[in-house]
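Remarks on the overall topology
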Amino acid sequence: MTDLQDLYQELILDHGRRPRNFRRLQDANRTAEGYNPLCGDKVKIFVQMDGDVVKDISFEGSGCAISTASASIMTETLKGKTRAEAEALFETFHDLVTGQKAKLDASDLGKLEVFSGVSEFPIRVKCATLSWHTLRSALNGNGEPVSTE
Amino acid sequence: MKATSEVLADRAADAVSFDVQAIREDFPILRQEVHGKPLIYLDNAATSQKPASVLEATTRYYSSDNSNIHRGVHVLSQRATEQYEEARVKSQRFINAAGSEEIIFTRGTTEAINLVANSFGRSRVAAGDEVLITTMEHHSNIVPWQILCEEKGARLRVAPINDEGELILEEFEKLLNERTRIVSLVHISNALGTINPLRRVIESAHRVGAAVMVDGAQAAPHTRINVQELDCDFYAFSGHKVYGPTGIGVLYGKARLLDAMPPYQGGGDMISSVTFEKTTYNTLPYKFEAGTPNIAGTIGLGAAIDYVNQLGLEKMAAHEHELLTYGAELLTGIPGLRLIGTAKEKAAVLSFVLEGVHPHDVGTILDREGIAIRTGHHCTMPLMDRFGIPATSRASLAFYNTKEEIDVLVAGIHKVKEVFSA
């Protein structure tokens with residue numbers, strides 16, 4: 001049961017049940033949709049960029065506890081961050097959930113660290129990273145729908 | 001809930017007619033632990049497990065008879081050809097086709113449907129014509145027809161289902177008209193377990209002159225198929241869902257239709273003579289079997305059919321039905337759980353949603369209990385939309401499953417609820 005408890009930490013369950021920033025952002029100037037055909041998870045990310053800074057960010061969609069909590073905590077974390085900081089966080093987050101501890105600099109992860117248990121469940125990595133991939137597409141501005149497959 | 005004594009009596013009666021524990025010995029894969037718990041395999045609608053006799057048949061072919069078929073004069077080729085063609089006759093008898101030339105070996109149900117859409121469909125469907133399917137189709141019985149309709153300027157129509165997951169026959173019949181060229185539908189739904197009333201559907205379709213293709217992927221392992229009695233024009237099933245190997249399937253077609261159809265793929269074995277000016281095609285069934293086929297898989301399918309015949313499909317189905325009734329009753333008793341697919345005529349599929357928990361999370365937690373189920377849209381996204389859900393958790397049963405395993409599933413679902421405080 002230990003690895004299950006590591007995966008479904010209280011913070012993840014909480015954000016999965018009551019996602020933050022779960023709404024359409026009227027003033028968004030960047031959006032993208034992400035999709036996981038394997039399980040049917042869908043997410044739409046809305047970003048309002050002010051110059052190089054994420055002024056506001058929100059999401060809509062449906063998914064499992066891991067993907068919903070990941071999107072929720074991502075939006076909380078990224079408010080006020082620059083684009084470069086967001087990119088760097090994604091890199092670190094990706095190393096965390098794929099278990100690449102050697103490369104990991106967890107110092108800046110904050111709440112995102114609750115996703116460390118995902119590395120024991122390789123099949124769930126896509127759930128945790130869907131919103132991040134979608135964010136990247138939104139920031140790159142190509143607006144192409146993202147698919148995990 | 002039944003009283004314990006009743007449950008025990010049921011089990012005793014069960015044990016006399018159908019010795020599940022002995023049968024499980026035939027399946028080497030079931031003797032293992034997953035995450036330190038005995039494996040409970042409830043993902044049979046995705047693929048079924050293989051008895052030792054099937055594994056032995058394919059190994060025997062590779063270790064003592066391996067060679068190409070229909071072309072060598074040497075003894076190995078003769079042996080391989082014999083076994084390959086024996087499997088065709090076994091398949092013919094398995095679904096009671098009139099002749100073995102009506103049995104075309106394919107990679108599986110998907111390829112069989114694509115063959116019909118490409119060969120029969122392209123020669124029969126024109127602009128303004130219609131192809132009729134149902135809401136409960138697997139993507140493999142939607143997309144080939146979409147491609148065909150797009151190419152031909154034809155219209156793909158979809159017959160609706162009710163909240164129980166049953167085809168609404170009156171609506172289906174209203175959609176039939178003189179432009180309907182092909183009706184293609186599933187015999188047993190993979191996501192819901194619904195058994196479709198094929199006899200009536202086929203009769204109605206024939207009345208307007210439409211040909212009927214049946215996707216029998218889920219039916220072959222669970223029910224006796226009689227294509228002559230059904231009077232369907234095409235019927236397809238997959239080896240791997242009927243306890244045989246992957247990569248082998250069967251397309252049945254009425255000889256008269258297959259004869260008139262153009263080839264699907266060109267290559268070796270499907271010709272009788274080739275010059276650069278003109279090629280004459282081989283006779284049935286070889287016209288539709290271009291290239292070296294999956295010989296080992298075909299022989300394995302033959303062994304799987306032998307196994308099913310030996311055990312008795314009716315007995316297997318009766319045991320599965322008992323498990324289904326038992327499981328449906330227990331699952332329905334779990335607060336917050338809703339079964340998706342509650343048709344009166346139903347095969348051994350328990351598809352469900354759990355309030356407040358996504359199926360993917362259900363699947364991960366059950367996996368830690370050693371229980372393998374499928375979670376997701378089951379390649380039936382339009383069907384999920386019909387029920388307004390993104391996905392379900394699906395436990396699909398086979399004759400080697402037991403009531404004890406269903407008890408563990410139920411305990412596992414309670415554990416899921418505990419983790420999520422749902």
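Structure: above.
Throughout what follows, the structure given in this document is the object of discussion.

Parameters and conventions
- Residues numbered from 1 in each chain as written.
- Chains lettered and ligands numbered in written order.
- Predicted model: local features only at pLDDT ≥ 70, side-chain atom pairs only at ≥ 80, totals over all residues.
- Heavy atoms only, no water.
- Helix = DSSP H or I, 4+ residues; strand = E, 2+ residues; numbered from the N terminus.
- Expected span 1.5 Å × (residues − 1).
- Bend = angle between axes of the 7 residues up to and from the residue.
- Buried < 20%, exposed > 50% of the residue type's maximum accessible area, 1.4 Å probe, protein only.
- Pairing = 2+ DSSP bridges.
- Contact = heavy atoms within 4.5 Å.
- Axes fitted to C-alpha atoms, helices over the stretch in contact; angles between N-to-C directions.

1. Details of helix α5 (residues 109-124) of chain B
An α-helix turns once every 3.6 residues. As a result, residues three or four positions apart point the same way. All names here are of chain B. Here α5 is 16 residues long and its end C-alpha atoms lie 21 Å apart, about the 22 Å a rise of 1.5 Å per residue gives. Along α5, the largest kink reaches about 25 degrees and is centred on A117. Of the residues making up α5, those classed as buried are T109, E111, A112, I113, N114, L115, V116, A117, S119, F120 and G121.

2. Structural notes on the sheet that holds strand β1 (residues 30-36) of chain A
Residue and element names in this part refer to chain A. Strand order in the open sheet formed by four strands is β3-β2-β1-β4, and the pairing between neighbours is mixed. If you trace the sheet from one side to the other, it starts and ends with β3 (53-62) and β4 (146-147), each paired once. Two strands pair when backbone bridges link them, and β1 and β4 are joined in this way by two bridges, in the parallel orientation. Its bridge partner lying in β4, G34 is registered against V146. Seen against the sheet, helix α3 (residues 65-78) touches β2 (41-50) and β3 and runs at an angle of roughly 165 degrees to β3. The strands touched by helix α5 (residues 125-140) are β1, β2, β3 and β4; relative to β1, the strand with the most contacts, the crossing angle is about 150 degrees.

3. Brief notes about the pairing of β1 of chain A
Residues and elements named next belong to chain A. Looking at chain direction, β1 and β2 are connected through seven bridges and run antiparallel. From the neighbouring strand, R30 faces β2, where its bridge partner is V47. What sits between the antiparallel neighbours β1 and β2 is a turn of four residues, in which G40 has the positive phi angle 85 degrees.

4. Quick look at α5 of chain A
Residue and element names in this part refer to chain A. Counted at 1.5 Å a residue, the expected span for α5 with its 16 residues is 22 Å, and the 22 Å between its end C-alpha atoms agrees. The largest bend along α5 reaches roughly 30 degrees and is located at S131. Within α5, twelve of the 16 residues are buried, which leaves the element mostly enclosed by the surrounding structure. All of the buried residues in α5 are V125, C127, A128, T129, L130, S131, W132, T134, L135, S137, A138 and L139.

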